[in-house]
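An overview of the molecular structure
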Amino acid sequence: MERKVLATIGEKEITNYDVESALQSLEPYQAMHFNSEQGKKQLLDDLVNQELFYMEAKENELHNDEEFKNELQRVQENMLKQYAINKVLTSISLTEEEKKAFFDANKDKFNKPETATAKHILVETEEQANDLLNKIKANEVSFEDAAAEHSTCPSKEAGGNLGSFPRGQMVPEFEEAVFNMEKGDVVGPVKTQFGYHLIKLEDLNKGGESEYEEVKNEIERTLMYQKQTEVYSKKLNDLRSKYGNMIKLND
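I will try to describe carefully the structure that is included in this document. (Residues numbered from 1 in each chain as written. Predicted model: local features only at pLDDT ≥ 70, side-chain atom pairs only at ≥ 80, totals over all residues. Heavy atoms only, no water.)

**Brief notes about the pairing of strand β6 (residues 195-205)**
How we decide: Between buried and exposed lies partly exposed: a residue is buried under 20% and exposed over 50% of the maximum accessible area for its type, with that area taken using a 1.4 Å probe on protein chains only. Helix and strand definitions here come from DSSP, where helices need a minimum of 4 consecutive H or I residues and strands a minimum of 2 consecutive E residues; each element is numbered from the N-terminal end. Two strands qualify as a pair provided that DSSP identifies no fewer than 2 bridges between them.
Most of β6 sits out of view: 8 of its 11 residues are buried. Pairing between strand β3 (residues 115-123) and β6: 9 bridges, direction antiparallel. For T117, the partnering residue across the bridge sits in β6 and is D203. Where strand β5 (residues 186-192) and β6 come together, 5 bridges link them in antiparallel fashion. Considered in β6, the bridge of T192 is made with G195. Counted between consecutive antiparallel strands, the loop separating β5 from β6 contains 2 residues.

**Here's the deal with the sheet that holds β6**
To keep things clear, this is the line we draw: Inter-axis angles, ranging from 0 to 180 degrees, are taken between N-to-C directions of lines fitted to C-alpha atoms, where helices are fitted over the stretch in contact. Contact definition: two residues touch when any of their heavy atoms are within 4.5 Å.
Here 4 strands make up an open sheet; going across it, the order is β4-β3-β6-β5 and the pairing antiparallel. Either end of the sheet is taken by a strand with one partner, and the two such strands are β4 (161-166) and β5. Averaged over all pairs of adjacent strands, the angle between their axes in this sheet comes to 40°, without regard to strand direction. Sheet strands in contact with helix α7 (residues 143-150) are β3, β5 and β6, and its direction is about 50° off that of β3.

**Concerning the nonpolar core**
Keep this limit in mind: For this analysis, a nonpolar core means a set of buried residues of the types Ala, Val, Leu, Ile, Met, Phe, Trp, Tyr and Cys, connected via side-chain atoms within 4.5 Å.
Grouped together as the largest cluster of nonpolar side chains are 13 residues, with contacts concentrated most on A116, F165, F174, V178, F179, I199 and L201. Taken together, the elements giving at least two residues each to this core come down to β3, α8 (172-178) and β6. Among all residues touching F179, those that are not within four sequence positions of it are E114, T115, A116, F165, P166, R167 and L204.

**Remarks on a nonpolar patch on the surface**
Heads up, the rule is: Put simply, a patch holds well-exposed residues, over 30% relative accessible area, that have no salt bridge, with like charges counted together within 9 Å and Val, Leu, Ile, Met, Phe, Trp or Tyr side chains within 5 Å. Using a 1.4 Å probe, the Shrake-Rupley method yields the accessible areas, and only the shown protein chains count as cover for residues. Within this document, salt bridges are pairs made up of a side-chain nitrogen of Lys or Arg and a carboxyl oxygen of Asp or Glu, the two lying within 4 Å of each other.
A contiguous nonpolar surface patch, about 550 Å² in accessible area, is contributed by I85, Y232, L236, L239, Y243 and M246. Among the elements that line the nonpolar patch, the one with the most residues is helix α9 (residues 212-243), at 4 residues. Take L236: it is sitting in helix α9. According to the relative accessible area criterion, L236 is partly exposed, its value standing at 35%.

By themselves, these are just geometric observations and shouldn't be taken as functional.
Shown next as structure tokens:
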């Protein structure tokens with residue numbers, strides 16, 4: 001992006017880079033509002049207004065006010081504290097060998113759960129469920145259309161689609177049926193506490209071991225957190241040993 005001077009206040013230039021930086025500093029919902037030609041003009045006006053306040057503050061020597069100096073010192077101290085902590089935490093690195101070794105030693109923790117993708121039709125009576133099942137198997141109506149017209153579950157709006165779910169998420173009777181079906185099967189009625197279900201299995205994933213590349217980022221986050229915690233604790237212990245005689249806690 002080419003640098004363009006959008007406004008000049010005295011010797012101060014405000015560029016398109018300044019406006020973009022101001023835009024990036026906003027919360028996402030605010031950035032959406034200002035990410036337009038009109039919005040960026042508002043940001044530019046705000047940057048100009050800030051410069052006007054700055055010019056008057058310098059002219060009135062507000063930087064010499066004791067209150068300002070105290071506030072500036074507090075800000076500087078807090079920034080230096082955070083900078084020192086970040087310097088410790090960002091000094092940590094991970095090797096590919098470390099990540100792979102962690103994966104090999106903890107493969108069971110990264111096992112993918114068995115999941116199913118299914119649709120269902122929920123009705124109040126077994127008779128109604130059987131009637132719909134016969135019509136679906138006779139190709140008089142599609143499973144999805146039958147769900148949209150007759151199901152009492154909110155999933156009817158999506159043709160009965162429940163999406164994907166792992167074992168343990170559905171009621172036992174429903175789950176037992178789903179995870180013993182073949183892809184494409186339609187079964188029922190299956191009685192649960194909610195009523196009678198017809199179930200269509202869209203897909204079944206048996207789960208099992210994950211490949212390293214699938215969980216590489218998760219491993220990196222886990223190891224970085226572990227290392228940062230260890231390094232931070234060690235550094236803190238060193239600091240307490242070094243400056244412990246200067247700490248006094250009042251009752």
